[in-house]
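The primary structure of each chain is shown beneath.
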Amino acid sequence: MAAIKGDGGVIKFGTSGSEATVALVAGWSLDITSDTIDVTTMGSNNYRDFVAGKYSWSGSCEMHWDAADDAAQEAMETSLLALDNTKKLLLYPGGTTGVDRWEGFIIVTGVSVSGSIGDSVKYNASFQGTGVLDHVNA
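Attention now goes to the packing of aromatic side chains. Under the definition given, this model contains one aromatic pair. Between tryptophan 57 and phenylalanine 127, the aromatic rings sit 6.5 Å apart at their centres with planes inclined by 65 degrees, giving edge-to-face as the arrangement. With a gap of 70 residues between them, tryptophan 57 in strand S4 (residues 50-64) and phenylalanine 127 in strand S7 (residues 122-136) connect regions that are remote in the sequence. Judged on exposure class, the residue tryptophan 57 and its partner phenylalanine 127 are both buried.

This is the structure in structure tokens:
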């Protein structure tokens, strides 16, 4: 399998089954973690023992802001303000054709807009996954 360039990613967001493509994505991250549970007992060999706990996942995406093409970006902000946990995220790291994707329901936990001299206005969103994160093979 060939390496996938980082500039081909596509993010979709919205109501399950009718997710919209997020415009002007400049970057994204997806973090999957597992809790650990300390099961160390007295009299052990001076090392702690752990068992795996529950999984969680979260991430963020950075977009260039364009007021004429920001429906999915505004939907993220609306979801945040409505405390909505029914929206679905689909992340295609190398485009929507012939590559794996991750998908699951999210809670938008933050939105920020920033601008500076010599750069485009950026729109950033962070999210917390809720429930299962599916890794769908191409």
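There is more to say after this.
Position of serine 79 among the secondary structure elements: in helix H1 (residues 71-81). For serine 79, a relative accessible area of 3% puts it in the buried group. Leave out the neighbours within four places in its chain, and serine 79 touches Phe13, Asp84, Lys87 and Val108.

Attention now goes to the pattern of salt bridges. Inspection of the entire model under this criterion finds five salt bridges. The closest approach of N and O atoms between aspartate 38 and arginine 48, which form a salt bridge, is 2.7 Å. In this pair, aspartate 38 is assigned in strand S3 (residues 25-38) and arginine 48 in the loop between S3 and S4, connecting sequence segments 10 residues apart. One salt bridge in this structure joins aspartate 84 and lysine 87, with 3.1 Å as the shortest N-O distance. The pair aspartate 84 / lysine 87 is uniform in exposure class, with both members buried.

Another point: the sheet that holds S3. One open sheet accounts for seven strands, arranged S2-S1-S5-S6-S7-S4-S3; its pairing is antiparallel. The open sheet terminates on both sides in strands that have one partner only, identified here as strand S2 (20-21) and S3. Examined bridge by bridge, strand S6 (residues 101-114) and S7 share 12 bridges and lie antiparallel to one another. Counterpart to glycine 110 in the pairing with S7 is serine 126. On top of the sheet, H1 reaches strand S1 (10-15), S2, S4, strand S5 (87-92), S6 and S7; it is set at about 85 degrees to S6, its chief contact.

Glancing now at a nonpolar patch on the surface. Taken together, the side chains of Ile37, Val39 and Val51 present a nonpolar region at the surface, about 220 Å² in accessible area. Its location among the elements puts valine 51 in strand S4.

Under the definition given, this model contains one cavity of 30 Å³ or more. Size it by volume and the largest cavity reaches roughly 30 Å³. Around the largest cavity sit Ile11, Trp28, Ser29, Ser60, Cys61, Leu89, Leu91 and Phe127, which together line it. Listing elements by their share of the lining of the largest cavity, those giving two or more residues are S3, S4 and S5. Across the lining of the largest cavity, the residue classes tally to six nonpolar, two polar and no charged.

So, on to H1. Of the residues making up H1, those classed as buried are Ala72, Gln73, Met76 and Ser79. For H1, the buried positions fall inside an angular range of 120 degrees around the axis, keeping them on one side. Seen from the buried face of H1, the exposed residues on the opposite side, beyond 90 degrees, are Ala71, Thr78 and Leu81. Buried-residue contacts for H1 involve S1, S2, S4, S5, S6 and S7.

What counts, and where the lines are drawn
- Residues numbered from 1 in each chain as written.
- Predicted model: local features only at pLDDT ≥ 70, side-chain atom pairs only at ≥ 80, totals over all residues.
- Heavy atoms only, no water.
- Phe/Tyr/Trp six-rings, centres within 6.5 Å; stacked < 30°, edge-to-face > 60°.
- Helix = DSSP H or I, 4+ residues; strand = E, 2+ residues; numbered from the N terminus.
- Buried < 20%, exposed > 50% of the residue type's maximum accessible area, 1.4 Å probe, protein only.
- Contact = heavy atoms within 4.5 Å.
- Salt bridge = Lys/Arg side-chain N within 4 Å of Asp/Glu carboxyl O.
- Pairing = 2+ DSSP bridges.
- Axes fitted to C-alpha atoms, helices over the stretch in contact; angles between N-to-C directions.
- Patch = residues over 30% accessible without salt bridge, like charges linked within 9 Å, V, L, I, M, F, W, Y side chains within 5 Å.
- Areas by Shrake-Rupley, 256 points an atom, 1.4 Å probe, with all protein chains shown as cover.
- 1 Å grid on protein atoms, 1.4 Å probe; cavity = no way out; pocket = protein on both sides within 12 Å on 5 of 7 lines; lining within 4 Å.
- Points joined across faces, edges and corners; volume = space filled by probe spheres on them.
- Nonpolar A, V, L, I, M, F, W, Y, C, P; charged D, E, K, R; others polar.
- Arc of directions from axis to C-beta.

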